[in-house]
Amino acid sequence: MKKIISLITCLVLMMTVCITASAAGSSTLNGNGSVAVGSNIELTVNVKDCADASSIAVAITFDDGFELVSGSWLKEGSIKVFDTAKNKGSLGGLASPNVNGNLFKLVLKAKTVSADGEKVNVNVIAKNGSNEILNVNASKTVKITCTTHKYGNYTKKDANNHTRTCSECGNVETKAHTWDKGTVTKKATCKEQGNTHYTCTASGCDATKDVAIAKTKTHSYGAWTVTKEATCTEKGAQERVCSICSNKETKDIAALGHKFANAKVEKEATCTEAGKESGECTVCGQKTTNTIKAKGHSFGKAVVTKEATETETGLKTYTCSVCGEKKEEVIPVLNTESEVPTTSDTADTDATSSDANTDVDVDADADADADADSSNEGGFNGKILIIVILAVVLVGLAVVLIIKKRK
Ligand SMILES: [Zn+2]
Ligand SMILES: [Zn+2]
Ligand SMILES: [Zn+2]
Ligand SMILES: [Zn+2]
Ligand SMILES: [Zn+2]
C-alpha cells in the first residue's frame with residue numbers, strides 16, 4: 001500500500017514538472033509586415049508567461065536584405081549590454097524579476113527589395129541564477145518593397161475590384177473597376193426590362209457587368225374599340241390594348257341623352273293660360289311633355305273714348321287684338337294756366353317741385369354755356385347799340401356844325 005502511494009506521488013510530481021516546463025513562457029516579435037527599401041523598421045520582442053528571472057539574453061539573426069542598426073533593452077537592470085557587431089545582448093541585476101511584456105527593441109534597415117520577405121529571428125534566454133527558465137525563439141518575415149513600384153497590367157479580382165502587382169517587390173495594389181459609359185444591349189419595353197453592358201477600362205482587366213434598365217411606363221396602344229354602346233340614359237365603355245404587353249385600358253362613353261323631336265301641341269297657349277306640348281325621343285321612345293308659356297295680351301294703340309275737358313278727366317281704351325280683353329286709362333284734366341309748355345302736360349300737372357328741379361337742372365347744367373352765351377350776346381348787343389348811338393350823335397353834331405359854318 002505504501003509503495004502504491006509513493007508511486008502515485010512520484011507520478012503527480014513528474015506531471016507537475018512536465019506542466020511547469022511546458023508552461024515556461026513564450027515570445028513574439030511585433031511590428032509592420034513590410035518596409036520600403038532604404039527605410040528603417042522597428043521590431044519589439046514581447047515575453048509572456050515567464051517565471052521570475054535574474055538575468056536575460058537575446059541573440060538576433062536575420063536574412064541578407066536587412067542590416068542591424070540598433071538594439072535596446074526596455075527593462076531596467078544594473079548590467080545592460082548590446083553588441084551590434086555580434087548581434088547579441090544581455091541584461092543582468094534586474095530591477096524587477098518580472099521580464100514579461102515588451103522586453104527589447106531592435107531597428108533594422110531594409111537594404112534590398114524582397115517580394116517573399118526577409119526573416120528576422122530573436123532567441124530569448126532567461127535564467128534564474130544558473131537555471132535556464134526560458135529559451136524561446138520569436139520570428140517574423142518582413143517584405144521589403146520598392147519606393148517606386150513597377151506595376152504591370154490589371155487583372156480582375158472580383159466583381160468590384162481589380163489588382164496589379166509590382167514586378168520588383170510583388171506589392172499588390174487593389175482598386176475598384178473603372179467602368180465605361182456602357183452600351184445598351186437590350187432596350188427596355190413596357191413588357192420586359194432592358195440591359196446595359198459595362199466594361200472595365202483598365203488595361204488588362206477583362207471585367208464586365210450588366211445592369212438592368214427598368215420597364216418603361218408608356219404603352220403602345222392601338223385604337224379605342226367600343227365594348228359597350230352608350231344609350232340615351234346609360235354610359236357605354238371602350239378599351240384599347242397595348243400591342244407589346246397586352247395591357248388593357250378602359251374608358252367610359254358618356255350617356256347620349258334623349259333626342260326629343262316631333263313635338264306635338266296638345267293645348268295652345270292663350271294670352272293668359274299656359275299651353276302644353278308632348279314629345280318623344282327618336283332613339284328610345286321616351287315620352288315627354290312641355291309647358292308652353294302664356295303669351296300675354298297684345299294691346300295696340302289706345303282709342304280715346306272720352307275727351308278730357310278743363311274740368312273733367314277723359315278716358316282712353318286699349319283692346320287685345322287676340323282675345324278682345326279691354327284696358328282703360330284715365331286722361332287727366334286739361335291745364336289752362338300754363339298753355340305755353342304744351343310739350344308735357346304731365347310734367348306740369350305732376351308737381352311744382354319738378355319745375356323747381358328742372359329749373360335747377362337747367363341752371364346747373366347749362367350755367368357756363370348758356371349763361372356765358374346769353375351774357376355775351378347781351379353785352380355784345382348793348383355795346384354795339386351804344387357805339388351806334390354815339391356814332392349817330394357825333395354825325396348829327398358834325399352835320400349841325402357844318403351847316404352853321406356855311407351860314
Ligand atoms: Zn514594388
Ligand atoms: Zn477592372
Ligand atoms: Zn405595354
Ligand atoms: Zn332616348
Ligand atoms: Zn289677349
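*Asks:* Run through the overall build of the protein chain, naming residues and quoting values.
*Replies:* Broken down by element type, the protein chain carries three helices and 25 strands. Residues counted as buried form 11% of the 407 residues belonging to the protein chain. Once local pairs closer than 6 in sequence are excluded, the contacts in the protein chain between residues at least 24 apart make up 48%.

*Asks:* Can you explain the sheet that holds strand β4 (residues 55–62)? Please cite residues and give values.
*Replies:* One open sheet holds the six strands; their spatial order is β2-β10-β9-β4-β7-β6, and the pairing between them is mixed. Unpaired on one side and paired on the other, β2 (34–36) and β6 (77–83) mark the two borders of the sheet. Going across the sheet, the axis of each strand differs from the next one's by a mean of 20 degrees, ignoring polarity.

*Asks:* Got a sec to walk through the nonpolar core? Specific residues and values, please.
*Replies:* Core analysis: the largest hydrophobic core is formed by 30 residues, its most contacted members being Val45, Val124 and Ala126. Among the elements of the structure, β3 (40–48), β4, β8 (101–110), β9 (114–128) and β10 (131–145) are those that each provide at least two residues to this core. With residues near it in sequence (within four places) discarded, Val124 still touches Ser27, Val45, Val47, Ile56, Val58, Leu134, Val136 and Ala138.

*Asks:* Outline the environment of Leu94, listing residues and values.
*Replies:* Mapped onto the elements, Leu94 comes out in strand β7 (residues 88–94). A C-alpha to C-alpha distance of 6.5 Å links Leu94 and Ser78, two positions 16 residues apart in sequence. Other than its neighbours up to four places away in sequence, Leu94 contacts Ala53, Ser54, Ser55, Lys75 and Gly77.

*Asks:* Describe unusual backbone geometry, naming the residues involved and giving the relevant values.
*Replies:* Peptide bonds are, in most cases, trans, and in most cases residues other than glycine have a negative phi. For Asp49, which is not glycine, the phi dihedral falls at a positive 60 degrees. According to the C-beta neighbour criterion, Asp49 is exposed, with 11 such atoms within 10 Å. In this model, Asn262 sits at a positive phi of 50 degrees, which is unusual for a non-glycine residue. You can call Asn262 exposed: it has 8 C-beta atoms within 10 Å.

*Asks:* Can you explain the confidence of the model for the protein chain? Please cite residues and give values.
*Replies:* With 82% of its residues at a pLDDT of 70 or more, the protein chain has an overall mean of 84. Strand β15 (residues 194–199) holds the highest mean pLDDT among the elements of the protein chain, 98, whereas helix α2 (residues 345–350) holds the lowest, 38. Note that residues 7–23 has pLDDT below 50 and, in this model, one contact with residues that lie over four places away or in other chains. Below a pLDDT of 50 lies the segment residues 339–379, which in the model reaches eight contacts outside its immediate sequence neighbourhood of four places, other chains included.

*Asks:* Any chance you could break down the environment of Tyr318 for me, citing the residues and the numbers?
*Replies:* With respect to the element layout, Tyr318 can be found in strand β24 (residues 314–319). Using a count of 17 C-beta atoms within 10 Å as the deciding quantity, one classes Tyr318 as partly exposed. Placed eleven residues apart in sequence, Tyr318 and Glu329 show a C-alpha to C-alpha distance of 8.1 Å. For Tyr318, the contacting residues outside a window of four places in its chain are Phe299, Ala302, Lys326 and Lys327.

*Asks:* So what about the sheet that holds strand β14 (residues 183–186)? Which residues, and what values?
*Replies:* Each strand in a sheet pairs with its neighbour through backbone hydrogen bonds, running either in the same direction (parallel) or in the opposite one (antiparallel). Spatially, three strands are ordered β14-β15-β16 in an open sheet, and the strand pairing comes out antiparallel. Since the sheet does not close on itself, it has two edges, and those belong to β14 and β16 (208–213), each with one partner. Each strand of the sheet is rotated relative to its neighbour by a mean of 35 degrees, with strand direction disregarded. Pairing geometry for β14 and β15, over three bridges, is antiparallel. Bridge pairing in β15 places Thr183 opposite His197.

*Asks:* Can you lay out the pairing of strand β1 (residues 26–30) for me, pointing to particular residues and giving the numbers?
*Replies:* Residue alternation in β1 divides its side chains into a buried set, Ser27 and Leu29, and an unburied set, Ser26, Thr28 and Asn30. In the sheet, β1 pairs with β3 via five bridges, with the strands oriented antiparallel. Bridging from a neighbouring strand, Ser26 pairs with Lys48 of β3.

Cut-offs and rules
- Residues numbered from 1 in each chain as written.
- Chains lettered and ligands numbered in written order.
- Predicted model: local features only at pLDDT ≥ 70, side-chain atom pairs only at ≥ 80, totals over all residues.
- Helix = DSSP H or I, 4+ residues; strand = E, 2+ residues; numbered from the N terminus.
- Buried ≥ 20, exposed ≤ 12 C-beta atoms within 10 Å, placed from the backbone.
- Contact = placed C-beta atoms within 7 Å.
- Pairing = 2+ DSSP bridges.
- Axes fitted to C-alpha atoms, helices over the stretch in contact; angles between N-to-C directions.
- Core = buried A, V, L, I, M, F, W, Y, C linked by C-beta atoms within 7 Å.
- pLDDT = per-residue confidence, 0-100.

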